[in-house]
Amino acid sequence: MSKAYQVFDQSRSYFLTFQVVGWADIFTRQVYRDIIINSLKYCREYKELNVFAYVVMSNHVHVIFQSRVDQLSATIRDFKKHTAKQIFHELDTNKKESRKDWLNMIFRYHARYNKRSKEVQFWTHENHAVELSTNEMVDSRLDYIHNNPVKAGWVEKPEDYLYSSARNYMDLEGLIEIDFV
C-alpha cells in the first residue's frame, strides 16, 4: 500500500471514503443504507468515534471521523467488517432482493483477486484517508460531502438528502446525532 492516504496519527480528524468493490450500487436500497446509519450510531456510542460528517451515496460512503481514544484505524476496520457482514447477511436472507445473484457475483469476483479476502469482499481495502490539518481543509471536505448528492442530481439542496449530515448542519433533524466540527 502506498504511503499516501493512510491514517498515521490516530488522534486526528480524517476525511475517509469507503468504496464498494466494483462500484456496485448497493446503497440504492434503503435497507443497506440503514445498516450504515445504524453502524455509525453504534460507533459514536460504543467505540468513542466522533462522526463530524457523512453521506451515503449509491456505491460509496464519505465521512469525517476522529477517534476519542486514538484508535481510528481499529474503529474503521471494525466498522467496515461489521457493515460488510450485516450487508451480506441481509443480501442472503432478503427474498425481495432482485439483484442478489449479480451482487454476489461482483463480491466473489473481487475477493478472488485479493489475498486478504476469503470468499467474498464488500469494501475495497483503501480508505483514501486525508488528515484534516487546517480549517480550510475541514470546510472543503464538509462542502464536498454535503454537495455530493446535489452533484449526483438526486436533490436540489444538500439538506434535502436524508442520508447525509447536511441536515444536521442546517439545524434539521438528521438520521443520527453528529459531532459538529
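Summarised in this report is the structure supplied together with it. All values derive from a computational prediction rather than experimental measurement.

## Focus on the nonpolar core
Phase 1: Core analysis: the largest hydrophobic core is formed by 51 residues, its most contacted members being Phe27, Phe65, Phe107 and Phe122.
Phase 2: Where this core is concerned, the elements lending two or more residues are β1 (14-19), α1 (30-46), β2 (49-56), β3 (60-67), α2 (72-93), α3 (100-112) and α4 (135-151).
Phase 3: Those residues in contact with phenylalanine 107 that sit more than four places away from it in its chain are Val20, Val21, Ala24, Ile26, Phe88, Leu91, Glu119, Val120, Gln121 and Phe122.

## Focus on the sheet that holds β2
The pairing of strands in a sheet happens through backbone hydrogen bonds and is either parallel or antiparallel.
Phase 1: Pairing is antiparallel in the open sheet, where four strands are placed in the order β2-β3-β1-β4. Taken across any chain shown, the strands that pair with only one partner, and hence form the sheet edges, are β2 and β4 (130-131).
Phase 2: The strands touched by α1 within the sheet are β2 and β3, with β2 carrying the most contacts at an inclination of about 170°.

## Topic: the pairing of β3
Phase 1: Taking burial as the measure, the eight residues of β3 include seven buried ones, the bulk of the element.
Phase 2: Note: β1 against β3, six bridges, orientation antiparallel. Within the sheet, the bridge partner assigned to phenylalanine 18 lies in β3 and is valine 61.

## Thoughts on the layout of surface pockets
Phase 1: Of the pockets and cavities examined, the largest pocket occupies roughly 810 Å³.
Phase 2: Lining of the largest pocket is provided by 24 residues; of these, Arg77, Lys80, Lys81, Trp123 and His125 occupy positions nearest its centre.
Phase 3: Tallied by class, residues from the lining of the largest pocket come to 10 nonpolar, seven polar and seven charged.

## A look at the pattern of salt bridges
A side chain of one charge can pair with a side chain of the opposite charge when the charged atoms of the two come close.
Phase 1: The tally for this structure, following the rule as stated, stands at eight salt bridges.
Phase 2: Put simply, glutamate 177 and arginine 44 hold a salt bridge, and the shortest N to O gap is 4.0 Å. Placement of the pair is glutamate 177 in the segment after α5 (166-169) and arginine 44 in helix α1, with a sequence separation of 133 residues.
Phase 3: For lysine 47, the salt bridge goes to aspartate 78, with nearest N and O atoms at 2.8 Å. You can see lysine 47 sitting in the loop between α1 and β2 and its partner aspartate 78 sitting in helix α2, a full 31 residues away along the chain.

## Notes on the packing of aromatic side chains
Phase 1: Summed over all chains, the structure comprises 16 aromatic pairs.
Phase 2: Between phenylalanine 18 and phenylalanine 79, the aromatic rings sit 5.6 Å apart at their centres with planes inclined by 40°, giving tilted as the arrangement. In this pair, phenylalanine 18 sits in strand β1 while phenylalanine 79 sits in helix α2, placing the two residues 61 residues apart along the sequence. Residue phenylalanine 18 shares its accessibility class with phenylalanine 79, and that shared class is buried.

## Let's talk about the packing of α2 against α3
Phase 1: Taken N-terminus to C-terminus, the directions of α2 and α3 make an angle of 145°; their axes are 10 Å apart at the nearest point. The crossing of α2 and α3 is left-handed. Packed against α2, whose contacting residues are Phe88, Leu91 and Asp92, the element α3 presents Lys100, Leu103, Asn104 and Phe107 at the interface.
Phase 2: When the residues that make up the contact of α2 with α3 are grouped by side-chain class, the tally is four nonpolar, one polar and two charged.

Conventions used here
Residues numbered from 1 in each chain as written. Predicted model: local features only at pLDDT ≥ 70, side-chain atom pairs only at ≥ 80, totals over all residues. Heavy atoms only, no water. Core = buried A, V, L, I, M, F, W, Y, C linked by side-chain atoms within 4.5 Å. Buried < 20%, exposed > 50% of the residue type's maximum accessible area, 1.4 Å probe, protein only. Helix = DSSP H or I, 4+ residues; strand = E, 2+ residues; numbered from the N terminus. Contact = heavy atoms within 4.5 Å. Pairing = 2+ DSSP bridges. Axes fitted to C-alpha atoms, helices over the stretch in contact; angles between N-to-C directions. 1 Å grid on protein atoms, 1.4 Å probe; cavity = no way out; pocket = protein on both sides within 12 Å on 5 of 7 lines; lining within 4 Å. Points joined across faces, edges and corners; volume = space filled by probe spheres on them. Nonpolar A, V, L, I, M, F, W, Y, C, P; charged D, E, K, R; others polar. Salt bridge = Lys/Arg side-chain N within 4 Å of Asp/Glu carboxyl O. Phe/Tyr/Trp six-rings, centres within 6.5 Å; stacked < 30°, edge-to-face > 60°. Left-handed = near helix turned anticlockwise from the far one by under 90°.

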